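# Structure at a glance
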Amino acid sequence: LIWPPRDRRPRDAMPHSFGYRARTRDMFSRPFRQRGMIKLSTYLTTYKVGEYVDIKCNPAQVKGMPFKHYHGRTGVIYNITKRAVGVRVAKQVNGRIINKHLNVRVEHVVPSKCKNEIIQRVRANEVAKKEAKESGEQVSLKRAPKQPKAGFVIARPDEIQTIQPIPFSDLV
């Protein structure tokens, strides 16, 4: 006889839940000292079609919240409505990548900083090109990995000093 019976759970065991918001305890919690009402700047931010946005679910607004899989993903805006934006997000499904179209409220969207470095580099390259054209020299605009430090030679002093240890003497 097998005891306890295998078909029966212990009394204190909870059933496993596979709900829509399962395992989002930390994901859908607000940061420290940023709880409460949503800032007004969230609603006053202007979005344009083609801009990159990060999907960051705000649990203070349950309406228009995307599924937990899309939390932290970056997408491109393809549609703008009164209170929401349409975001195109790439999702990998069984080895292929599908473009998913989500309609997400503006509370769950943050302007992305993924293109900032590229835009900054393009501006710097334009300035470098303009300066190179004026001076008539060639300039490389490609990104290069950090190079090792330049080598140098230490000059030998005129007089070499020999250092020797002082012999131990017992003073007792």
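Scope of this entry: the structure provided in the associated data block.

Here is what the cut-offs are and how they apply
- Residues numbered from 1 in each chain as written.
- Predicted model: local features only at pLDDT ≥ 70, side-chain atom pairs only at ≥ 80, totals over all residues.
- Heavy atoms only, no water.
- Helix = DSSP H or I, 4+ residues; strand = E, 2+ residues; numbered from the N terminus.
- Buried < 20%, exposed > 50% of the residue type's maximum accessible area, 1.4 Å probe, protein only.
- Contact = heavy atoms within 4.5 Å.
- Expected span 1.5 Å × (residues − 1).
- 1 Å grid on protein atoms, 1.4 Å probe; cavity = no way out; pocket = protein on both sides within 12 Å on 5 of 7 lines; lining within 4 Å.
- Points joined across faces, edges and corners; volume = space filled by probe spheres on them.
- Nonpolar A, V, L, I, M, F, W, Y, C, P; charged D, E, K, R; others polar.
- Core = buried A, V, L, I, M, F, W, Y, C linked by side-chain atoms within 4.5 Å.
- Pairing = 2+ DSSP bridges.
- Axes fitted to C-alpha atoms, helices over the stretch in contact; angles between N-to-C directions.
- Salt bridge = Lys/Arg side-chain N within 4 Å of Asp/Glu carboxyl O.

Our focus in this paragraph is the side chain of Asn58. With respect to the secondary-structure elements, Asn58 resides in the loop between strand 1 (52-55) and strand 2 (74-80). Since its relative accessible area comes to 9%, Asn58 is described here as buried. The residues touching Asn58, leaving out its near neighbours within four places in the chain, are Arg30, Ile38, Met65, Glu107 and His108.

With that settled, consider helix 2 (residues 116-135). Along its 20 residues, helix 2 runs 29 Å from first to last C-alpha, staying within 8% of the 28 Å computed at 1.5 Å per residue. The positive-phi residue at the C-terminal boundary of helix 2 is Gly136, with phi of around 80°.

Glancing now at the layout of surface pockets. What the largest pocket holds in volume is close to 470 Å³. Around the largest pocket, the lining comprises 23 residues; the ones closest to its centre are Arg30, Thr42, Lys56, Asn58 and Val110. Among the elements that line the lining of the largest pocket, the one with the most residues is strand 5 (residues 109-111), at three residues. Looking at the lining of the largest pocket residue by residue, the class counts come to 12 nonpolar, seven polar and four charged.

Attention now goes to the nonpolar core. In terms of nonpolar packing, the biggest core is built from 12 residues, these being Tyr47, Val53, Ile55, Tyr70, Ile77, Val85, Val87, Val89, Leu102, Val104, Val106 and Val109. Among the secondary structure elements, those contributing two or more residues to this core are strand 1, strand 3 (84-93) and strand 4 (96-105). The element best represented in this core is strand 3, accounting for three residues. Not counting residues up to four positions away in its chain, the partners in contact with Ile77 are Tyr47, Lys48, Val49, Gly50, Glu51, Val53, Val85 and Gly86.

When you line up the elements, Ile38 lands in the segment before helix 1 (40-44). Here Ile38 falls in the buried class, since its relative accessible area comes to 17%. Once the C-alpha coordinates of Ile38 and Ser135 are considered, the two residues, 97 residues apart in sequence, prove to be 53 Å apart. Other than its neighbours up to four places away in sequence, Ile38 contacts Tyr43, Asn58, Ala60, Gln61 and Glu107.

It is worth spelling out the sheet that holds strand 1 at this point. Two orientations exist for strands paired in a sheet by backbone hydrogen bonds: parallel and antiparallel. On the basis of which strands lie adjacent, the open sheet formed by five strands has the order 4-3-2-1-5 and antiparallel pairing. The open sheet is flanked by strand 4 and strand 5, the only strands paired with a single partner. Neighbouring strand axes in the sheet, compared pairwise and without regard to direction, differ in orientation by 45° on average. Relative to strand 4, strand 3 runs antiparallel, the two sharing 10 bridges. Paired with Val93 across the bridge in strand 4 is Arg96.

What follows covers the pairing of strand 2. Moving residue by residue along a regular strand, the side chains alternate between the two faces of the sheet. Bridging between strand 1 and strand 2 involves three bridges; their strand directions are antiparallel. The residue bridging Asp54 from the neighbouring strand is Thr74, located in strand 2. Sheet topology note: the strand 2/strand 3 ladder contains four bridges and is antiparallel. By the bridge assignment for strand 3, Ile80 is matched with Val85. Between the antiparallel neighbours strand 2 and strand 3 lie three residues.

Going through the model one piece at a time under the given rule, you end up with three salt bridges. One salt bridge connects Arg121 with Glu117, and the closest N-O pair in it is separated by 3.5 Å. With a gap of four residues between them, Arg121 and Glu117 both fall in helix 2, about one helical turn apart. Classification of Arg121 as partly exposed rests on a relative accessible area of 25%. Close ionic contact of Glu126 with Lys129 constitutes a salt bridge, the shortest N to O distance being 3.4 Å. Of the two residues, Glu126 and Lys129 both sit in helix 2, three residues apart, roughly one turn of that helix. Its relative accessible area of 44% is what places Glu126 among the partly exposed residues.

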